[in-house]
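Survey of secondary and tertiary structure
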Amino acid sequence: MAAATVIVVAPIAAAVRAMRGWVPTSDWAVVVARSADTFTRHPPLIGQISSVSRNVGQPVSQLGPLQYWILGVFGKITAPSTAGDLIGSAAIAVAAFATIIIVAWRRARLTGVVATVAMLALLTAGLGADSLRMPYNPTAAVWSFVGFIGAIWAASNRDRWWLPAAVFFGSLSVQSHLTFVVPVVLTALVWIGITIRDFAQSMRNGTSFSLSPRVVVSSVVVALICWSGPLFDQVARSGNLGLVFSAGTSGIEPVGFGFALRRLLVELQIPPSWVHNPFSPASIGEIVVIGKWPYELQPVTPWQLASAAIVTVALIWSLVHTWRRRERSLFTCGSLTIAALVGATVSTAMLPETAIAIASTVNQVVYWPIAAATWLFLALTIADVIAPRLRHAVPASARTAVGVALAVALAVAVTLSTAHIVVAARPSADAGSITYGAIDQFAQVVNDACARDGGTVAINADGSTILTVLPGVVALARKSGCNIRMAIPTSFGPTYRATGNERTSFFISVTPDVPGYRLVSTFGADQHGTRWADYRSTGTLVIPPPYHLLERTR
């Protein structure tokens with residue numbers, strides 16, 4: 001249990017490590033800016049802006065603001081610092097880790113805990129330390145789905161009071177990223193089927209049914225709270241839920257099941273892709289060849305095909321084995337996992353055949369926690385097969401010694417990996433902070449203008465800064481209570497449409513000489529040297545430096 005304790009504490013420790021000097025930019029900053037509005041007159045009602053906006057020709061967001069609301073609570077405590085968003089993001093991971101570890105202990109005791117902790121350690125190593133602490137909606141969806149799998153697994157085995165937790169984690173996952181909608185729905189349908197079967201058996205046998213009205217009412221209340229924002233928005237505001245449906249039926253050709261099955265193969269191969277950093281250009285290159293149209297899948301290697309086939313056969317055999325052995329706990333685990341795998345494949349096949357949908361690593365996140373859960377199910381099934389044979393063939397003292405050795409080895413491995421996450425990993429290691437370390441300088445200029453002029457500060461930007469420099473300025477300025485009016489409000493929510501006496505206007509530009517503006521400060525590669533150059537050399541983001549912060553002249 002020491003290893004389990006370490007891996008649960010790791011996200012919070014990683015967040016504390018990253019607090020000093022962290023500057024939010026890009027998508028991270030948008031999350032920070034909108035979570036700051038949670039306790040204002042304009043709380044966020046919908047989620048992060050989505051790339052499906054391109055399909056319908058108007059702004060479309062993720063389904064809900066639940067991540068914003070959670071981070072808003074922590075941000076309120078630490079305001080004006082952005083540390084609360086880091087702690088809140090880590091708290092989501094902690095809650096998910098604790099849920100699946102507790103359920104694994106209840107369902108499979110020490111074997112379940114060991115296998116679950118190993119899976120979480122590998123998944124964390126693959127996604128990187130930043131996934132535990134950075135306020136980023138795709139990684140929030142990943143970790144909340146881990147908690148959802150644990151809670152729905154428990155609820156499928158008559159631990160019905162885990163159902164409200166499953167509703168919460170499932171809602172958070174679905175609201176954070178659209179690709180999790182189908183996996184969550186299909187997994188929930190499996191739970192419904194299992195529950196109906198249990199009810200039918202209780203009626204035949206004359207026994208009590210474990211799903212009490214209080215559990216149902218509690219789950220409904222949790223669902224209503226989680227979905228109150230999107231429902232109100234649908235009725236009285238932007239109608240985002242309807243826009244998402246319109247985007248799904250926009251008529252754009254989907255990538256299809258060929259692409260989705262290729263992605264599934266990569267996850268089922270040995271070793272699966274989620275044990276590597278999936279945000280690296282190399283991992284992206286495993287999926288598609290960038291720069292060609294239509295996007296061409298990389299050739300399937302014999303080893304990928306053979307190993308994926310072996311894992312698929314093992315998965316089917318494990319499900320059949322647990323069914324025949326009446327191993328209810330393992331069978332429900334396998335059923336839920338396979339439903340989620342099918343859902344991930346369907347969700348991926350539905351992606352529109354556009355550059356952003358195919359090439360973006362974000363649209364691949366749906367497979368990572370599900371594929372990890374698949375390997376967890378296989379590990380538990382193999383342990384269930386081997387354990388009886390070991391009890392007869394190996395003396396008890398030898399089994400104890402081996403168990404202690406494995407537990408110690410796992411504890412050491414997890415401790416070392418956690419030490420790397422907490423100590424060795426660089427703070428501010430997210431792409432935005434490495435690249436735009438001077439955002440705090442820009443934001444300070446804007447804050448000074450707020451204090452000096454006492455009016456609304458308008459911020460404009462050219463296209464290349466909309467999702468990079470600009471959100472960081474907005475996030476830090478909003479944390480300090482600065483009233484901001486945006487030229488492009490759709491990425492930031494209704495707060496930034498606030499009217500007021502505009503006194504100062506800033507313009508972030510790649511050109512220092514703009515009529516009617518004066519140069520305030522400059523940021524570029526020459527100020528930040530090697531790290532900027534190294535980051536740009538990866539090819540994952542190419543934006544021309546330097547940037548110039550300009551202030552409108554009187």
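What you see is a predicted model, and the numbers here were worked out from it, not measured in a lab. (Residues numbered from 1 in each chain as written. Predicted model: local features only at pLDDT ≥ 70, side-chain atom pairs only at ≥ 80, totals over all residues. Heavy atoms only, no water.)

Let's talk about the overall build of the chain
Helix and strand content of the chain: 22 helices and 7 strands. Residue burial in the chain is summarised as follows: out of 554 residues, 52% are buried. Long-range contacts, defined as pairs at least 24 residues apart, comprise 78% of the intrachain contacts of the chain with a sequence gap of at least 6. (Helix = DSSP H or I, 4+ residues; strand = E, 2+ residues; numbered from the N terminus. Buried < 20%, exposed > 50% of the residue type's maximum accessible area, 1.4 Å probe, protein only. Contact = heavy atoms within 4.5 Å.)

Some remarks on the nonpolar core
The tendency in soluble globular proteins is for nonpolar side chains to be buried as a group. Grouped together as the largest cluster of nonpolar side chains are 70 residues, with contacts concentrated most on Leu 123, Trp 143 and Phe 145. Residue contributions to this core peak at 13 residues, all from helix H5 (residues 83–127). Trp 143 has contacts with Ala 93, Ala 96, Phe 97, Leu 123, Thr 124, Leu 127, Ser 131 and Leu 132, leaving out every residue within four places of it along the chain. (Core = buried A, V, L, I, M, F, W, Y, C linked by side-chain atoms within 4.5 Å.)

Quick word on unusual backbone geometry
Here Ile 270 and Pro 271 are connected by a cis peptide whose omega angle stands at -5°. Inspection of the secondary structure puts Pro 271 in the loop between helix H12 (257–268) and helix H13 (281–285). Positive phi outside glycine occurs at Arg 158, with the angle close to 70°. Tracing the backbone shows Arg 158 in the loop between helix H7 (137–155) and helix H8 (163–176). Despite not being glycine, Arg 326 has its phi angle at roughly 60°, a positive value. Considering the arrangement of structural elements, one finds Arg 326 in the loop between helix H14 (302–324) and helix H15 (328–349).

A word on H15
What sets the pattern is the α-helix's 3.6 residues per turn: residues three or four places apart point alike. Between its first and last C-alpha atoms H15 spans 31 Å; for 22 residues at 1.5 Å apiece the expected length is 32 Å, and the two agree. Of all 22 residues making up H15, 17 are buried, and the element is well covered by its neighbours. (Expected span 1.5 Å × (residues − 1).)

Some thoughts on the environment of Gly 75
Here Gly 75 is to be found in helix H4 (residues 66–78). As a C-alpha pair, Gly 75 and Asp 85 span 10 residues in sequence and 5.6 Å in three-dimensional space.

Comments concerning the packing of aromatic side chains
Scanning the model with the defined rule gives 5 aromatic pairs in all. Centre to centre, the rings of Phe 168 and Phe 169 are 5.3 Å apart; their planes meet at 65°, and the pair counts as edge-to-face. Arranged with centres 5.1 Å apart and planes meeting at 50°, the rings of Trp 323 and Phe 331 form a pair that is tilted. Every member of this aromatic cluster is reached through a ring pair, and the members are Phe 145, Phe 148 and Phe 180. Residue placement shows Arg 326 over the ring face of Trp 323; its charged tip is 5.5 Å from the ring centre. (Phe/Tyr/Trp six-rings, centres within 6.5 Å; stacked < 30°, edge-to-face > 60°. Lys NZ or Arg CZ within 6 Å of the ring centre and 35° of its normal.)

What about the pattern of salt bridges?
Evaluation of the coordinates by the stated rule reveals 7 salt bridges. With its nearest N and O atoms 2.6 Å apart, the salt bridge here joins Asp 198 to Arg 328. You can see Asp 198 sitting in helix H9 (residues 181–205) and its partner Arg 328 sitting in helix H15, a full 130 residues away along the chain. Note that Glu 267 and Arg 263 form a salt bridge whose closest N and O atoms lie 2.5 Å from each other. (Salt bridge = Lys/Arg side-chain N within 4 Å of Asp/Glu carboxyl O.)

Things to note about the environment of Ala 314
With respect to the element layout, Ala 314 can be found in helix H14. Note on Ala 314: relative accessible area 28%, which makes it partly exposed. Along the backbone, Ala 314 and Ile 382 are 68 residues apart, and their C-alpha atoms lie at a distance of 9.6 Å.

What to know about the packing of H4 against H5
Relative orientation of the contacting elements H4 and H5 amounts to 140°, with a least axis distance of 7 Å. Relative to H5, the element H4 is oriented oblique. For the element pair H4 and H5, the recorded crossing hand is right-handed. For the pair H4 and H5, contact is made by Ile 70, Leu 71, Phe 74, Gly 75 and Thr 78 and by Ala 83, Gly 84, Asp 85, Ile 87, Gly 88, Ser 89, Ala 91 and Ile 92, respectively. (Axes fitted to C-alpha atoms, helices over the stretch in contact; angles between N-to-C directions. Parallel < 35°, antiparallel > 145°, perpendicular 65-115°, else oblique. Left-handed = near helix turned anticlockwise from the far one by under 90°.)

Description of the confidence of the model for the chain
The predicted model of the chain has a mean per-residue pLDDT of 75, with 65% of residues at 70 or higher. Here helix H22 (residues 525–537) stands out as the element of the chain with the lowest mean pLDDT, 40, in contrast to H8, whose mean of 96 is the highest. Across residues 421–437, confidence stays below pLDDT 50; counting only partners more than four residues off in sequence or on other chains, it has 57 contacts. (pLDDT = per-residue confidence, 0-100.)

What to know about the packing of H12 against H15
Interaxial distance between H12 and H15 falls to 8 Å at its minimum, and their mutual angle equals 135°. Taken together, the axes of H12 and H15 are oblique relative to one another. With respect to the hand of their crossing, H12 and H15 are arranged in right-handed fashion. Between H12 and H15, the contacting residues are Phe 257, Phe 259, Ala 260, Leu 261 and Leu 264 on the first element and Leu 341, Thr 345, Val 346, Thr 348 and Ala 349 on the second. Taken together, the residues of the contact of H12 with H15 sort by class into 8 nonpolar, 2 polar and no charged. (Nonpolar A, V, L, I, M, F, W, Y, C, P; charged D, E, K, R; others polar.)

Some remarks on the environment of Gln 62
Summarising the element assignment, Gln 62 is placed in the loop between helix H3 (53–56) and H4. A relative accessible area of 5% places Gln 62 in the buried class. Separated by 75 residues in the primary sequence, Gln 62 and Asn 137 place their C-alpha atoms 9.2 Å from one another.

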